[in-house]
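Coordinates in review
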Amino acid sequence: MGRYALPFFGKSNPKTNADSGDLRYYTRVAFWMSAWYITSLVTLFMNKIILTSPGGDKYVLGVTQMCMTAALGAVKVYGVDKSSGKKQDAVEYKTFRRDMFLVGVMRGATVILGLVSLAHVAVSFTETIKSSAPLFTVVFSWVILGQKTSWQVVVSLVPVMCGLALSSATEISYDTVGFLAAVGNNIVDCVQNVFSKKLLAKLSPVELQFYTSLAAATIQLPMILYTVGPQLVGKTSTLDAAMVKMLLLDGLSYHLQSVTAYYTMSLLTPVSQSVANTAKRALLILLSILYFQNQVGMYNVVGVSIVILGVFLYNHCKRTFS
């Protein structure tokens, strides 16, 4: 599948956008992006509801998500292709095991860090911090890869930093553990996205989602058994029938979110993907404030708005001056 810059996200190069008039392409983009937005919303809200409910545990939730998406992914990867009636073969290449291990570690880390953040701070604050991802991308590209960034792009990140500082300083639900977990989630997620983008040249979105989920679940399992093993069996278990149902629903939603995110990533350029992700963050922040009725001050609203506008400015400068 080709990757293009969407016209409504910025000017596209007609030489590299030969399918700009292809209605089927834009229909696919609209479908996968809408599915990605909806499943992200459901998963985020379910995560917060589970973590604030009696018996809700971030480690149990994390391993449930990884195991559910690995199990459902296995049905597709190792199942029978209906079009041919034949069992599909596993895909493997020279650095396959190493790549899956690395992305698996990062996926597991982002899940746990994200859930720790949600357990300590409001959903809107967590999403505000995640909206600052371009800032971390520029910093780590310079530190790790030695890539130089134009001064226009660097300047465009100033509003992001100022807005994040203002939002953090005036956040009513601010908690150091939640803040650091969200920042850590952002850092690992930036590295994971860059690496996953390269792997999509070798694997399909479904295959990448399955193998990395399996690796993440395998890596997490020993920690889960050690920390919450007693809750899973015996009289000390706090998982009632209602909680189990919510965990399964959350796991299914997380699986669909992962698949739709990878399909969206395979269709868009990095710039368009970043803009789409920023728009999604803005929508999640607004809806979470309305749904959970989070108390927000005027300066907090101003800070969130500055972060979102700053990220759109960064994407424009990145496309224009890079």
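For the structure itself, consult the block above.
A few points on the structure. No experiment lies behind these values; they were computed from the predicted model shown.

1. Some remarks on the packing of aromatic side chains
- A complete count under the given rule lists eight aromatic pairs for this structure.
- On the basis of an interplanar angle of 10° and a centroid distance of 4.3 Å, the ring pair of tryptophan 32 and tyrosine 263 is categorised as stacked. Separated by 231 residues along the polypeptide, tryptophan 32 in helix H1 (residues 23–51) and tyrosine 263 in helix H10 (residues 241–267) bring together distant segments of the chain.
- Here the aromatic cluster, defined as three or more aromatic residues joined through ring pairs, consists of Phe31, Trp32 and Tyr263.

2. Considering the packing of H1 against helix H3 (residues 96–120)
- Across the interface, H1 lies against H3 with an axial gap of 9 Å and an inter-helix angle of 60°. By the angle class used here, H1 and H3 are oblique. Crossing geometry of H1 relative to H3 is assigned as right-handed. Contacts between H1 and H3 involve Leu44, Asn47, Lys48 and Leu51 from the first element and Leu115, Leu118 and Ala119 from the second.
- By residue class, the composition of the contact of H1 with H3 is five nonpolar, one polar and one charged.

3. A few points about the nonpolar core
- If you look at the biggest cluster of nonpolar residues, it comprises 19 residues, and the most contacted ones within it are Phe125, Ile129, Leu157, Phe179, Val183 and Tyr314.
- Core analysis: the next-biggest nonpolar cluster, separate from the first, contains 18 residues, Leu44, Phe45, Met46 and Leu115 among them.

4. Considerations on helix H2 (residues 58–77)
- Taking 1.5 Å per residue as the helical rise, H2 with its 20 residues ought to reach 28 Å, and the 28 Å between its terminal C-alpha atoms agrees with that figure.
- Taken as a whole, H2 has its buried residues at Val60, Leu61, Gly62, Val63, Thr64, Gln65, Met66, Met68, Thr69, Ala70, Gly73 and Val77.

5. A look at the environment of alanine 133
- Assignment of secondary structure puts alanine 133 in helix H5 (residues 133–145).
- In this structure alanine 133 comes out as buried when scored by relative accessible area, which is 16%.
- Taking the C-alpha atoms as reference, alanine 133 lies 9.8 Å from asparagine 185; in sequence the two are 52 residues apart.

6. Focus on the side chain of threonine 260
- Residue placement: threonine 260 occurs in helix H10.
- Residue class for threonine 260 comes out buried when judged on its relative accessible area of 5%.
- Polar side-chain contacts of threonine 260 include one of 3.0 Å to the backbone oxygen of glutamine 257.
- Apart from the residues lying within four places of it in its own chain, the contact partners of threonine 260 are Trp32, Ala35, Trp36 and Thr39.

About the criteria used
Residues numbered from 1 in each chain as written. Predicted model: local features only at pLDDT ≥ 70, side-chain atom pairs only at ≥ 80, totals over all residues. Heavy atoms only, no water. Phe/Tyr/Trp six-rings, centres within 6.5 Å; stacked < 30°, edge-to-face > 60°. Helix = DSSP H or I, 4+ residues; strand = E, 2+ residues; numbered from the N terminus. Axes fitted to C-alpha atoms, helices over the stretch in contact; angles between N-to-C directions. Parallel < 35°, antiparallel > 145°, perpendicular 65-115°, else oblique. Left-handed = near helix turned anticlockwise from the far one by under 90°. Contact = heavy atoms within 4.5 Å. Nonpolar A, V, L, I, M, F, W, Y, C, P; charged D, E, K, R; others polar. Core = buried A, V, L, I, M, F, W, Y, C linked by side-chain atoms within 4.5 Å. Buried < 20%, exposed > 50% of the residue type's maximum accessible area, 1.4 Å probe, protein only. Expected span 1.5 Å × (residues − 1). Polar contact = N/O pair within 3.5 Å; in protein donor to acceptor, adjacent residues only side chain to side chain.

Bear in mind that shape data such as this cannot, by itself, settle questions of function.
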